[in-house]
Each structure stands twice: as structure tokens, then as C-alpha cells.
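# Observations on chain architecture
Listed below are the residues making up each chain.
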Amino acid sequence: MRGTILPQPTPTARTETTLADGRRLLYYDRGAPVPRETVDRRPLDPPSHGSEVRLDPATGDWVTIAAHRQARTYQPPAEECPLCPSRDGRLSEIPAEDYQVAVFENRFPSLAGPAATAAPTAVPSAVSAADELWRSGPGAGRCEVVCFTADHDASFADLTPAQARLVLDAWTDRTAELSALPGVQQVYCFENRGAEIGVTLAHPHGQIYAFPFTTPRTAKAVARAAEHRAATGRNLFEDLLAAERAHGERVVLAGEHWTAFVPFAARWPYEVHLHPHRRVPDLTALDEEQRAEFPHLYLELLRRFDRLFGTGRTPYISAWHQAPLAPAVGGPELALHLELFTIRRAADKLKYLAGVESGMDAFVNDVTPEDAARRLREATA
């Protein structure tokens, strides 16, 4: 079912236009397309970028070098937000005066350019024949911005289930299209929220990366899944979900088609994984029942995160884990799931990745997963 978008009871309409510098902009609406301004009147120069990917010879991990991003927009005042609609004579990245969900190519992308310029297997050639330790390639791929709402002061948790469903439809559509680009190995949809996370724009939005390689965390998960399959004949993620549902102590929310739980070895103080009960590789393979239930559970989960500390909106990262696209990588073993976590460990304390975590990638968690799950279960309205 990969690459197939199931029909929706309320269709999602997509309208496409081009920004002044040639980047694509897509509007997503529930039902029929909404008439709106599509002409970007800003005098923009063509975008320039020159990123590359380099292989760390000691770990085998790919690292993206994107020095041009130093010039990207950083925490502008609300009246200069580039993600708000264009109103009252002020022009932004969104030419229309209003929108429901908008997606456009990032003006300062980490990855850009035709993905076909990368090697089909995403293994760049050696810098020189004499030194095979240094391997690099073009930073090809795509980076897109997803604006969840036109309301600058809102957050994802403020959306209605219908609005959240529209975002899910946009994520699904983008996953299908980006997955089909030559050279793309993995599509990653995510949201960073909060200045503590390092967000440069306060407007409620997320991003999508189409990578020319399989990311390190995914590669590790796929390898573990392969080991589990070889040892048991079963899928690792199906077993993890079944075990958490049967044990129950770390389950935070459960519906008919999704379950949210704190993982047994959570790395972050408050970390929740949201899995569909029927295993699928990516967003395009969700069925209508899974799509219909997701907004309700996800919105409740976000609102519980906001209630945890009594400090208002909790900073978080929300990350969709989708199977890599190359069959040789073993992608079908990885199950689609969403991982939501915060760097806040108490109302007045943040979890910093210092010497042990940053230096050795060995996490130390200050909160037991069982206590985190209990607190999230109790964080009701």
C-alpha cells in the first residue's frame, strides 16, 4: 500500500502555486478549494544553497553540511512573521490573506536540489581515489515547511480534530510525493515547539525532510528489527506494542486503533510513543479508521503535555518515524509510529544533553518511565 492515499469521507483539496523565487507552495483545504491570492509579489532572488552530505568514517553516519543556513530568519517579531498570511500590505511566504494548511519549500533548506543528482543508492562517491575515508555527495533532497494554521498565536494542541486531520492529510500527501522522488531514501515529518527547543519561528509549524540517506536512528532500529525477526520470526514493533498494551503500567492513552505509551527505556524525561494497532510502514498506508481516530488521541496527548508542569505550553519535539524506502535497508520491518518528547524534566528545569549524552550518546533519564506515564495519565482537564 506504500504510496497510495486512501479516499477520505471529506475530501482534501490541494491547490498549487509558485513563489517569487520559484519554490512550490501548496494550500490544503477541507472540501472544495478556497479561492485565494496565489501571486507572490515579493522581489526575491532565486534561492541559493550548496549543502553536501559527508560520511563519518568512524561511525558510518551521514552528516549534512549546510553553511548557508546561518543566514536564515531568526525569531522575528510577530508583526514580521514570514509564516503568517500576507495582510495589510505586509508580504510573507504565504501570498494569501488566509489559509487552512500551507506547505512550501524551505527558503533555507538543509537539503535541496533534484534528488536525482545523488547516487541512486545514496552512497556518494569518494572524494579521491587515493583516500576512501572521505566520502561525500550533494545535499540533494527536499525540505518543506508545514504551516498548521494561519493563527500565529495558536499551537497544534489548539486545533480542532478536523483541523488536525487536515494536517495529517497534508503529511500523507507530502510523504507520497516525496517518497517518489529519485534518490530519496527516507521521509521525515516533525514539529519542534518552543524557544527552549531552538525554534527560530514562533508560528505553529512543522517541517518535512526528504533525505538522500537512511538516518542513523532509523538504521539502528531497522537493524534491531532484523535481529528480532531472525531470533523469533516476529516483528519487533508488533511485539513491543503488544507487550506494552498487556503490561499496561506505561500506557497513557488507548483507543480502538492507536495506543500511546511511555517506552520501557525512555531517553527523555517525558517521552511517549504513539502506535497504530495495525502495523504499516508509513503514513500513506493508514486506513480510514486509523486516520479518523488519530486526531483525537494526538490532540489529547499534546494537551496533557501542556498540563504537566503548570507553566503553559510545554516545549516538545514530535517526530514521525517512517520506514526507509530502499528495500535493501529492510524498511518494511520498521513500523510507522510517532514519538513525542519534551526536554523539560521539571517546571523549572530542562534536560540538557551534556557530557554523557552528547559526548557518548548514552542517555541518563531523570524520571522513571512508569512515573512519567502515571503523571501523564493524571494530567486530565
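In what follows, the structure referred to is the one given above.
Let us look at the structure shown here. Residue numbers run consecutively from 1 along every chain, following the written order of its sequence. At least 70 in pLDDT is required for a residue's local features to be given in this predicted model, at least 80 for side-chain atom pairs to be given and counted, and no such filter applies to totals for whole chains, interfaces and linings, which use all residues. Water and hydrogen atoms play no part in the side-chain values, which are based on all heavy atoms of the structure.

## Remarks on the overall build of the protein
From N to C terminus, the protein includes six helices and 17 strands. We compute the radius of gyration over the C-alpha atoms and compare it with the globule rule, which gives 2.2 Å times the number of residues raised to the power 0.38. For the protein, whose C-alpha radius of gyration is 21 Å, the value lies close to the compact-globule estimate of 21 Å for 381 residues. Every one of the 381 residues in the protein was classed for burial, and the buried ones make up 51%. In what follows, residue pairs with any heavy atoms lying within 4.5 Å of each other are defined as contacts. Within the protein, contacts between residues at least 6 apart in sequence are counted, and of these 67% link residues at least 24 apart. Total accessible area computed for the protein in this model is approximately 17,100 Å², and 55% of it derives from carbon and sulfur atoms. Across the protein, 41 positive and 50 negative side-chain charges occur, with their mean positions spaced 2 Å apart. In this text, helices come from DSSP runs of H or I with a minimum length of four residues, and strands from runs of E with a minimum of two, each type numbered from the N-terminal end. Working definition: with a 1.4 Å probe on protein chains only, accessible area under 20% of the residue-type maximum means buried, over 50% means exposed, and in between means partly exposed. Accessible surface area values rest on a Shrake-Rupley calculation with a 1.4 Å probe, where residue burial reflects the displayed protein chains alone. The positive count covers Lys and Arg only, the negative count covers Asp and Glu only, and His and the chain ends enter neither. Here the site of a charge means NZ on Lys, CZ on Arg, CG on Asp, or CD on Glu.

## What to know about the pairing of strand β3 (residues 52-55)
Of the two faces of β3, the one lined by Val53 and Leu55 is fully buried and the one lined by Glu52 and Arg54 carries no buried residue. Across four bridges, β3 lies against strand β4 (residues 62-65) in antiparallel orientation. Pairing of leucine 55 across the sheet is with tryptophan 62, part of β4. If you look at the hairpin formed by β3 and β4, you'll find six residues sitting between the two strands, and glycine 60 has a positive phi there, around 80°. Strand pairing is assigned whenever DSSP detects at least two bridges linking the two strands.

## Examining helix α4 (residues 288-307)
Compared with an ideal rise of 1.5 Å per residue, which puts 20 residues at 28 Å, α4 spans 30 Å between its outermost C-alpha atoms and is within 8% of the ideal. Maximum bend of α4: about 30°, positioned at phenylalanine 294, with proline proline 295 one to four residues after it. Pairs of N or O atoms are called polar contacts if they sit within 3.5 Å, as long as, within protein, a hydrogen donor faces a hydrogen acceptor (for residues adjacent in sequence, only side-chain-to-side-chain pairs). Residue aspartate 287 occupies the N-cap position of α4, its side-chain oxygen lying 3.2 Å from the main-chain nitrogen of glutamate 289. Multiplying 1.5 Å by the residue count of a helix minus one yields the expected span of that helix. We define the bend at any residue as the angle between the axes fitted to the seven residues before and including it, ending there, and the seven starting there.

## Thoughts on the pattern of salt bridges
Put simply, a salt bridge is a Lys or Arg side-chain nitrogen that is within 4 Å of an Asp or Glu carboxyl oxygen. Going through the model one piece at a time under the given rule, you end up with 39 salt bridges. As a salt-bridge pair, arginine 14 and aspartate 173 come within 2.9 Å of each other at their nearest N and O atoms. Of this pair, arginine 14 sits in strand β1 (residues 12-18) while aspartate 173 sits in helix α1 (residues 161-179); the two residues are 159 residues apart in sequence, bridging distant segments of the chain. With a relative accessible area of 36%, arginine 14 lands in the partly exposed category.

## Observations concerning the state of the cysteines
Disulfides are defined as cysteine sulfur pairs within 2.5 Å. Enumeration over the complete set of coordinates arrives at zero disulfides. Free of any disulfide, cysteine 143 has its nearest neighbouring cysteine sulfur in cysteine 189, separated by 12 Å. Its sulfur unpaired, cysteine 147 is 7.7 Å from the next cysteine sulfur, which belongs to cysteine 81. A relative accessible area of 0% means that cysteine 147 is categorised as buried.

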